[in-house]
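Descriptive analysis of the structure
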Amino acid sequence: MKISEHILRFFFPPKCIVCGKVLPHTEKFPYCHKCRDELNDAKIFSLIEKPLPSVDALTAFYRYSENATKYSVFHAKKCFSKPFANFFEEISKQFLDETKVCENADVITFSTRRLSEKMAEGFDQAEEMAKIISKISGVECIKALKRTRRAKKQRLLSPEERFENVKNIFKCTADVQGKTIVLVDDVVTTGATICAAAKALKEKGAAKVRVVTFSL
């Protein structure tokens, strides 16, 4: 950490992104001990074979039902701060080592964010996660998916409506023929969006699609 950053954090100390508790200015990660423990208790770190249509395997970091996970996802969507990036990189090393999800993978890609959200926030949280996983694993990260139309926000819809809402919403714009793809997203609930993304990759010739999500 640069001296200027130490000084800034001394006068404006960081806060836990879950409970808001003030953290030591030297703290590298955005959690207090209590909330970090809660997040650790929510770990999944396991691989599920063929859990959804067009998805060959699904791996997840944390259970979404825990408050620490929910606040982490919200922070990733709205900010994706450097402390959170530091944390995600650190935990991804353990995650990749335990799940082996990137072994023999050809490329990493991500479920692209709604354009209006990306313009409002200035970044795509799934893309940021994918880049970090790429950095650790050494597997190339590419933008392989493009949204073809606007859709309603998924959280306002029933599970059945969610699948219909994102039907054929993605188009694969990269050469994925015969490749094993690691597809990254920040949260999977019904699986509608990730299934639509995986389907687009499979239709373009991808051999396998393995999904990595921060929360499930």
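Relevant structure appears above.
Source: prediction; values computed, not measured.

**Side note on the pattern of salt bridges**
Applying the stated criterion across every chain, the model contains 12 salt bridges. With a closest N to O distance of 3.2 Å, lysine 135 and glutamate 89 form a salt bridge. Here glutamate 89 lies in helix H4 (residues 82–99) and lysine 135 lies in helix H6 (residues 125–137), a separation of 46 residues in the sequence. Across the salt bridge formed by lysine 131 and glutamate 127, the nearest N and O atoms sit 3.6 Å from each other.

**Side note on the environment of isoleucine 133**
Within the element layout of this structure, isoleucine 133 appears in helix H6. Along the chain, isoleucine 133 and isoleucine 108 lie 25 residues apart, while their C-alpha atoms are 8.2 Å from each other. Excluding residues that lie within four positions of it along the chain, isoleucine 133 makes contacts with Phe88, Ser92, Leu96, Cys102, Ile108, Val184 and Val212.

**Section: unusual backbone geometry**
Trans is the common state for peptide bonds, and a negative phi is the common state for residues other than glycine. Positive phi, normally seen in glycine, also occurs at lysine 100, with a value near 60°. Notably, asparagine 104 is not glycine yet its phi reads approximately 65°, a positive angle. Mapped onto the elements of the fold, asparagine 104 is located in the loop between H4 and strand S3 (107–110).

**Some points on the packing of helix H2 (residues 33–41) against helix H3 (residues 67–78)**
Orientation of H2 relative to H3, taken along the N-to-C sense of each, is 100°, at an axis distance of 8 Å. The angle between the axes of H2 and H3 places the two elements in the roughly perpendicular class. The residues of H3 that touch H2, namely those facing Cys35, Glu38 and Leu39, are Asn67, Ala68, Thr69 and Ser72. When its residues are assigned to classes, the contact of H2 with H3 shows 3 nonpolar, 3 polar and 1 charged.

**With respect to the packing of H4 against H6**
The geometry of a pair of packed helices is captured by two quantities: the angle between their axes and the separation between those axes. The N-to-C vectors of H4 and H6 enclose an angle of 50°; their axes lie 10 Å apart at closest approach. What the angle tells us is that H4 and H6 run oblique. In this structure, H4 meets H6 at a crossing whose hand is right-handed. Of the residues in H6, those touching H4 at Phe84, Ala85, Phe88, Glu89, Ser92, Lys93 and Leu96 are Met129, Ile132, Ile133, Lys135, Ile136 and Ser137. Residue composition of the contact of H4 with H6, grouped by class: 8 nonpolar, 2 polar and 3 charged.

**Some words on the nonpolar core**
With 40 residues, the main nonpolar core has Phe61, Phe84, Phe87, Val184 and Phe214 as its most contacted residues. Mapped onto this core, the elements with two or more residues apiece are H2, strand S2 (55–62), H3, H4, S3, H6, strand S6 (180–187) and strand S7 (208–215). Considering each element in turn, this core owes the most residues, 7 residues, to H4. Of all hydrophobic cores here, the second largest spans 26 residues; its members include Ala144, Phe170, Val176 and Leu183.

**Quick look at the state of the cysteines**
Applying the stated rule across the entire model yields 0 disulfides. Here cysteine 19 stays free of any disulfide, with the sulfur of cysteine 32 as its closest cysteine sulfur at 3.6 Å. Take cysteine 19: its relative accessible area is 46%, and that puts it in the partly exposed class. As a non-bridged cysteine, cysteine 172 has cysteine 141 as the owner of its nearest cysteine sulfur, 13 Å distant. A relative accessible area of 7% places cysteine 172 in the buried class.

**Some details on the side chain of serine 134**
If you trace the backbone, serine 134 turns up in helix H6. Leave out the neighbours within four places in its chain, and serine 134 touches Ile108, Val139, Glu140 and Cys141.

**Quick look at H4**
In this model, H4 (18 residues) spans 25 Å end to end at C-alpha, consistent with the 26 Å of a helix rising 1.5 Å per residue. What H4 keeps buried is the set Pro83, Phe84, Ala85, Phe87, Phe88, Ile91, Ser92, Phe95, Leu96 and Thr99.

**A short note on the pairing of S3**
For a regular strand, the rule is simple: side chains alternate between the two faces of the sheet. What you see with S3 is no split at all: Val107 and Thr109 on one side and Ile108 and Phe110 on the other are buried throughout. With 4 bridges joining them, S3 and S6 adopt parallel strand pairing. Pairing of threonine 109 across the sheet is with leucine 183, part of S6.

Reading guide: rules and limits
- Residues numbered from 1 in each chain as written.
- Predicted model: local features only at pLDDT ≥ 70, side-chain atom pairs only at ≥ 80, totals over all residues.
- Heavy atoms only, no water.
- Salt bridge = Lys/Arg side-chain N within 4 Å of Asp/Glu carboxyl O.
- Helix = DSSP H or I, 4+ residues; strand = E, 2+ residues; numbered from the N terminus.
- Contact = heavy atoms within 4.5 Å.
- Axes fitted to C-alpha atoms, helices over the stretch in contact; angles between N-to-C directions.
- Parallel < 35°, antiparallel > 145°, perpendicular 65-115°, else oblique.
- Nonpolar A, V, L, I, M, F, W, Y, C, P; charged D, E, K, R; others polar.
- Left-handed = near helix turned anticlockwise from the far one by under 90°.
- Core = buried A, V, L, I, M, F, W, Y, C linked by side-chain atoms within 4.5 Å.
- Buried < 20%, exposed > 50% of the residue type's maximum accessible area, 1.4 Å probe, protein only.
- Disulfide = S-S within 2.5 Å.
- Expected span 1.5 Å × (residues − 1).
- Pairing = 2+ DSSP bridges.

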